[in-house]
Amino acid sequence: MPVPSPILPLARLEARLIWRRRASWLLLGLFTGLMLLAGLLSGLRQTREREQQAAYQKLVRQQWESQPDRHPHRAAHYGTFAFKPRSLLAAYEPGIEAFAGRIQFLEAHRQNGANFAEASTLSSASRLGELSPAFLVECVLALVIVVLGHGVFAAEVESGRERLLRAQIGPRGGLWAGKTLGLWLGISPFVLIAALVPLTLLFFGESGLADRASVLVAALLLYSVLWVLLVAAVSSVCRTSQAALAVLICLWLGGGVLLPRAAAGLASAAHPLPDKSEFNARLGEEIAKLGDSHNDKDPAFIAFKEETLRKHGVSRVEDLPFNYKGQLMMAGEEQSAKVFAQEHAKIEAVLDQQTALVRRLAWLSPSLALRDLAMRLCGTDAAAQQRFIREAEAYRFSFIQHLNHLQRDHTAYAEKNVQRIDEHLFDEIEDFKPTPHTLSLALAGSAASWAVLGLWIALAALLGRRFA
Amino acid sequence: MKALWHLDWLRLRRQAATWFLLGGLFLAGLTAIYLGKKFQEQQQAEISRLDAQFQAQCDRLEHRYRENGEHSGYWSYYSFYPVHQPPRPLAALSWGLRDVAPFVTWVRLLGLEQQLYESSLANPLLQSLGQFDLAFVLGVLAPLVLLLLGHDVLSRDRQLGVLPLLAAQGGGGLLRMLAARLLLRLLLVVIVCSLLFGIAMIILQLPPGFDTFAWLFIALLGLLPWLAITAIIAARSRSATGSLAAAMAAFVSLVLLMPALVNLALSTLFPVPEGLELTVRQRQIMHDGWDQPRQPNYDRFLAERPEYRKWPTVPEKDFTWRWYFAMHEVADRSVAELVNQHTQHLRQRHAWSQRLAWLSPPALTQSLLSGHSGTDLDAHLLHLETTRNFHEHLKAHFFPLIFDETHFTAGATKSFPRFQNSAPAPAAPLNPLPPLLLAALLLPFARPRPVLS
């Protein structure tokens, strides 16, 4: 007669033992309450900010279209704004939102940074963090698993029940698999509560969230499995449950509280960014070399002028079939945009170095890896920010060149920049349309973070099995 | 008491955990001091380069107009002036907002409001991960070490069954024993903290004065509520595992959850309309000026600025710098009320965050320390105010020249105004009461369970 596998009964027993403790119910209540609070407040805030941003976007567009007849270069200085798209998923993991500028003012000749970051308007105590559902998962869920599970093997050894169990199970084993599965089943209500938040956001009618939300839930499941295996492994290595608890708390503290901050400090110490003054000074120097494209007699543009004249077979700019000043503006904008791109690439290189250092340290901290994944999926990571800045700059360039084109074709050289063009010509310029965030964009470059989770799971499983 | 301490010390000394925790705290402190040094150097370097950068910009301007000079309007349109707020020496210990809120702002004579909200160049990912300064080590990690060293001072002996014996020998009962053991652990933590502070004083070259030691004093006072919390946990728990779980629960809820919850609640309940509103409005008024009759706008300017009545009119057709700058001023004035509201909102939220910091000892310590180091929101608002004042100074200097249609020639930049007033933000008044009160409120709950329970 085949002996039934002991895994399922063991798992059922373990899960039942967890819920026999009063502390488990207390923790579940607290966790649920905090999740609800964080989800509600965070969701409320994101919804309001989304509405606010939409209203501003509308207002700015309205202002653009209701411009009077103007000289196109006036409109180019009047400028417009690029808004970083906001997803409701940001309510789950706000990521770098509070620290990154979300709005860029776009105008001729210069690339303004992304401004209006919220962080500079907060109190310094806010640097201790802000509650979000993702934060609860990354930090608190792990600690819950530690507190409920640290005795899963160690307590059995301590109380002497371990031998009894082994004798009952027989030579086929299954103690490790059964108890670990039981621990995961035991804490699964917490995982369910955690997964409900991103899933609830789906009901608020933002399209295209479903795939990202499901991958988010998958990452969350992996993370819970990781901690269950880790807790089981440590519990089987340590002789007493108290020692297991101490080791696990050290792991949790190191990876969740200390390492992220230390990583940030070390990254900025190892790869310092130039400060804004330095950046602007260098930029000013480079831009000054280009010459002034407002001035059609600027010596820096003599060659350009001659070439333009030759191309059209005329000898005076007045004889060109278009306004030379508009043409010159286009050339100037092209040059200055190139300088901006070049200087900005240097900054991006440093930012990338810093991010890479943090990534390397994330091998030591599963919570950093999960955070990276969550931020990517919610569109609140550094890559999304860089994409926004790059796309806004590309839009700015085409926006300004469109206006320069209008100046070239609809104004006359002789009019000395006081001529106004029909306001309806401005209306045909479309608003900034950022690429919508998609799953494939979110996952590009995320392999390392998945690998961190995978590696920890593999190591913990190996260690736990060997000792148990 | 002395015997109690001696015995306890002998035991504590032999435990690896003691040295692991204290050593870890010390190492974390050294890291924080190193990062603080970097932080300080970067900020000082940034400020020290400003003069040269300003000079280079002036040189470019001189070069540009070297032959025939140019109208003063052009010279002022193209010149930017750095305004900065130097750090207090203590800023290296508690960074507060100084790594996210700009402390250098370049302004020019145009409308000011659109120049104030530029973010500094930084990596938002690193900023979102949090700060590793000495205020974090002393305000968050030191309490953790105290908790971990002290949560089981009674429960371990209770578990081993030697508690009744010890209580009978020591005399004075459990409360006395609890107090003696916890004070010893507090002493160890205080020694490490003070040692770290001493090293910080040398490495960061902090002036040895009242201000500097007051910082350490606040940081150490911040440990007192934690002493009370540790005492409660140690007194009430039955087993060492239980007390460890309780200690972690206290740490997580007071250090991670409570401040984070307060922050989330504050930013949800006190939304501060962004500077964007100001920028959008000011931009509209400024540019509308180009499409409106010029004299009415100019009259609006004169009504606010009677000192410029000497130049009563502007031509309608031709461009004048007089009209141009007056229009920018009108645009700034038109949002003055909004600016006031904005600042009021920020102050209100800040005040609430200080009040609610009572709910969490580390938030309280952070708030007191950054206030004392001149790195909190008040300091940033002061920087904005300084910038506004300097902008006024620029206007007072240049407007009469521009309005007179003065032509600047080579060497003009030598007499350009420079930002002189570079005092750091003042320290917030020292108030040792909150942590003391918090500790006093909590301590009475630290009544040990009976010996045989």
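Here, every reference points to the structure presented above.
Residues numbered from 1 in each chain as written. Chains lettered and ligands numbered in written order. Predicted model: local features only at pLDDT ≥ 70, side-chain atom pairs only at ≥ 80, totals over all residues. Heavy atoms only, no water.

**A few points about the overall build of chain B**
Scanning chain B from terminus to terminus reveals 18 helices and four strands. A compact globule built from 453 residues should have a C-alpha radius of gyration of about 22 Å, whereas chain B, at 29 Å, is more than 25% larger. Within chain B, the proportion of its 453 residues that are buried is 58%. Counted over contacts in chain B with a minimum sequence separation of 6, partners at least 24 positions apart contribute 84%. Looking at chain B as shown, the accessible area adds up to about 18,400 Å², and 62% of this sits on carbon and sulfur atoms. Of the charged side chains in chain B, 39 are positive and 33 negative, and the gap between their average positions amounts to 15 Å. (Helix = DSSP H or I, 4+ residues; strand = E, 2+ residues; numbered from the N terminus. Rg over C-alpha atoms; globule rule 2.2 N^0.38 Å. Buried < 20%, exposed > 50% of the residue type's maximum accessible area, 1.4 Å probe, protein only. Contact = heavy atoms within 4.5 Å. Areas by Shrake-Rupley, 256 points an atom, 1.4 Å probe, with all protein chains shown as cover. Lys, Arg positive; Asp, Glu negative; His and termini not counted. Charge placed at Lys NZ, Arg CZ, Asp CG, Glu CD.)

**Let's talk about the environment of A:Val237**
Residues and elements named next belong to chain A. Relative to the elements of secondary structure, Val-237 occurs in helix α8 (residues 210–237). Linking Val-237 and Phe-153, residues 84 residues apart in sequence, is a C-alpha distance of 8.6 Å. What Val-237 contacts, discounting residues up to four positions off in sequence, is Leu-463 and Phe-467.

**Concerning unusual backbone geometry**
Despite not being glycine, B:Gln205 has its phi angle at roughly 50°, a positive value. For B:Gln205, a relative accessible area of 64% corresponds to the exposed category.

**Concerning the nonpolar core**
Membership of the largest hydrophobic core comes to 162 residues, with the highest contact counts inside it found for A:Tyr92, A:Leu131, A:Trp227, A:Trp252, B:Val137, B:Val189 and B:Trp215. Look past the residues within four positions of A:Trp252 in its chain and what remains in contact with it is A:Cys139, A:Ala142, A:Leu143, A:Trp227, A:Val257, B:Met248, B:Val252 and B:Leu256. Membership of the second largest hydrophobic core comes to 67 residues, among which are A:Ala119, B:Tyr81, B:Tyr298 and B:Phe325. (Core = buried A, V, L, I, M, F, W, Y, C linked by side-chain atoms within 4.5 Å.)

**Notes on a nonpolar patch on the surface**
Residues and elements named next belong to chain B. The grouping of Trp-5, Leu-183, Leu-187 and Ile-191 at the surface amounts to a nonpolar patch, some 330 Å² of accessible area in total. Among the elements that make up the nonpolar patch, the one with the highest residue count is helix α8 (residues 173–203) (three residues). Note that Ile-191 resides in helix α8. We classify Ile-191 as partly exposed; its relative accessible area is 47%. (Patch = residues over 30% accessible without salt bridge, like charges linked within 9 Å, V, L, I, M, F, W, Y side chains within 5 Å. Salt bridge = Lys/Arg side-chain N within 4 Å of Asp/Glu carboxyl O.)

**Things to note about the interface of chain B and chain A**
Across the boundary between the two partners, chain B contributes 82 residues, which contact 99 residues of chain A. It is B:Leu121, B:Leu129 and B:Arg283 that lose the most area in chain B upon contact with chain A, and together they represent 9% of the buried surface on that side. Run the count over chain B and chain A and you get seven salt bridges. A salt bridge links A:Arg420 to B:Asp291, with the shortest nitrogen-to-oxygen separation between them at 2.7 Å. Connecting chain B to chain A are 22 residue pairs in polar contact (both at pLDDT 80 or more). The element best represented in the side of chain B that touches chain A is helix α11 (residues 240–269) of chain B, accounting for 17 residues. Looking at the side of chain B that touches chain A residue by residue, the classes come out as 44 nonpolar, 23 polar and 15 charged. (Buried area = accessible area lost by both parts, 1.4 Å probe. Polar contact = N/O pair within 3.5 Å; in protein donor to acceptor, adjacent residues only side chain to side chain. Nonpolar A, V, L, I, M, F, W, Y, C, P; charged D, E, K, R; others polar.)

**Quick look at the pattern of salt bridges**
Residue and element names in this part refer to chain A. Considering all chains together, one arrives at 47 salt bridges over all chains under this definition. Between Arg-396 and Glu-393 there is a salt bridge, and its shortest N-O distance comes to 2.8 Å. With Arg-396 and Glu-393 both in helix α14 (residues 382–410) and three residues apart, the pair spans about one turn of that helix. Like Arg-396, the residue Glu-393 is buried in the burial classification.

**So, the packing of helix α1 (residues 2–14) of chain B against α8(B)**
Residues and elements named next belong to chain B. Put simply, α1 and α8 touch, their axes get as near as 10 Å, and they point 55° apart. Judged on the interaxial angle alone, α8 and α1 are oblique. Once α1 is placed against α8, the crossing between them reads as right-handed. Where α1 approaches α8, its residues Leu-4, Trp-5, Asp-8, Trp-9, Arg-11 and Leu-12 are matched on the opposing element by Arg-176, Met-177, Ala-180, Arg-181, Leu-183, Leu-184, Arg-185 and Leu-188. (Axes fitted to C-alpha atoms, helices over the stretch in contact; angles between N-to-C directions. Parallel < 35°, antiparallel > 145°, perpendicular 65-115°, else oblique. Left-handed = near helix turned anticlockwise from the far one by under 90°.)

**Brief notes about the packing of helix α15 (residues 336–356) of chain B against helix α17 (residues 377–403) of chain B**
The packing of two helices is summarised by the inter-axis angle and the distance between the axes. Residues and elements named next belong to chain B. At a minimum axis distance of 10 Å, the contact between α15 and α17 shows a crossing angle of 160°. Comparing their axes, α17 and α15 come out roughly antiparallel. Crossing of α15 against α17: the hand is left-handed. Residue-level inspection shows Val-339, Thr-343, Leu-346, Arg-347 and His-350 of α15 in contact with α17, the latter providing Leu-377, Asp-378, Leu-381 and Arg-388. Within the contact of α15 with α17, the residues separate by chemical class into four nonpolar, two polar and three charged.

**A closer look at the side chain of A:Ser449**
Along the polypeptide, A:Ser449 turns up in helix α17 (residues 447–467). With sequence-adjacent residues up to four places away left out, A:Ser449 is seen in contact with A:Ala369, A:Asp372 and A:Leu373.

**A few points about the sheet that holds strand β1 (residues 80–83) of chain A**
Residue and element names in this part refer to chain A. The strand order across the open sheet formed by three strands is β1-β2-β3, and the pairing between neighbours is antiparallel. Sheet topology places β1 and β3 (111–115) at the edges, where each strand pairs with a single neighbour. Sheet twist, expressed as the average angle between the axes of neighbouring strands with direction ignored, equals 25°. The pairing of strand β2 (residues 103–106) with β3 spans three bridges and is antiparallel. When the bridges of β3 are listed, Ile-103 appears paired with Asn-115. (Pairing = 2+ DSSP bridges.)

**A closer look at the packing of aromatic side chains**
Residues and elements named next belong to chain B. Evaluation of the coordinates by the stated rule reveals 52 aromatic pairs over all chains. Relative to Trp-321, the ring of Tyr-77 lies with its centre 5.9 Å away and its plane at 50°, an arrangement referred to as tilted. With a gap of 244 residues between them, Tyr-77 in helix α3 (residues 72–77) and Trp-321 in helix α14 (residues 321–334) connect regions that are remote in the sequence. An identical accessibility class is assigned to Tyr-77 and Trp-321; each is buried. Taken together, a centroid distance of 6.4 Å and an interplanar angle of 50° make the contact between Phe-197 and Phe-213 tilted. Taken as a pair, Phe-197 in helix α8 and Phe-213 in helix α9 (residues 210–221) lie far apart in primary sequence, 16 residues in all. Given the relative accessible area of 2%, Phe-197 is considered buried. Classification of Phe-213 by relative accessible area gives partly exposed; the value is 41%. Note that Arg-64 overlies the ring of Tyr-78, its terminal NZ or CZ placed 4.2 Å from the centroid. A cation over a ring is seen here: Arg-98 above Phe-103, with NZ or CZ 4.3 Å from the ring centre. (Phe/Tyr/Trp six-rings, centres within 6.5 Å; stacked < 30°, edge-to-face > 60°. Lys NZ or Arg CZ within 6 Å of the ring centre and 35° of its normal.)

**Points about α17(A)**
Residue and element names in this part refer to chain A. Taking 1.5 Å per residue as the helical rise, α17 with its 21 residues ought to reach 30 Å, and the 30 Å between its terminal C-alpha atoms agrees with that figure. Every buried residue belonging to α17 is among Ser-449, Val-452, Leu-453, Trp-456, Ile-457, Ala-460, Ala-461 and Gly-464, and all of these are buried. Axial view of α17: buried residues confined to an arc of 155°, hence all on one face. Projecting away from the buried face of α17 at angles above 90 degrees are the exposed residues Ala-447, Leu-462, Arg-465 and Arg-466. Packed against the buried residues of α17 are α7 (175–201), α8 and α13 (366–378). (Expected span 1.5 Å × (residues − 1). Arc of directions from axis to C-beta.)

**So, empty space enclosed by the protein**
Counting across every chain of the model gives 12 cavities of 30 Å³ or more. A:Gly129, A:Glu130, A:Phe135, A:Arg371 and B:Ser128 are the residues nearest the centre of the largest cavity, which is lined by 42 residues in total. Counting only elements with at least two residues in the lining of the largest cavity, the list comes to α2 (22–65), α4 (133–149), α9 (241–270) and α13 of chain A together with α4 (124–129), α5 (134–150) and α11 of chain B. Counting residues per element, the lining of the largest cavity draws most heavily on α11(B), at five residues. Within the lining of the largest cavity, the residues separate by chemical class into 18 nonpolar, 12 polar and 12 charged. (1 Å grid on protein atoms, 1.4 Å probe; cavity = no way out; pocket = protein on both sides within 12 Å on 5 of 7 lines; lining within 4 Å. Points joined across faces, edges and corners; volume = space filled by probe spheres on them.)

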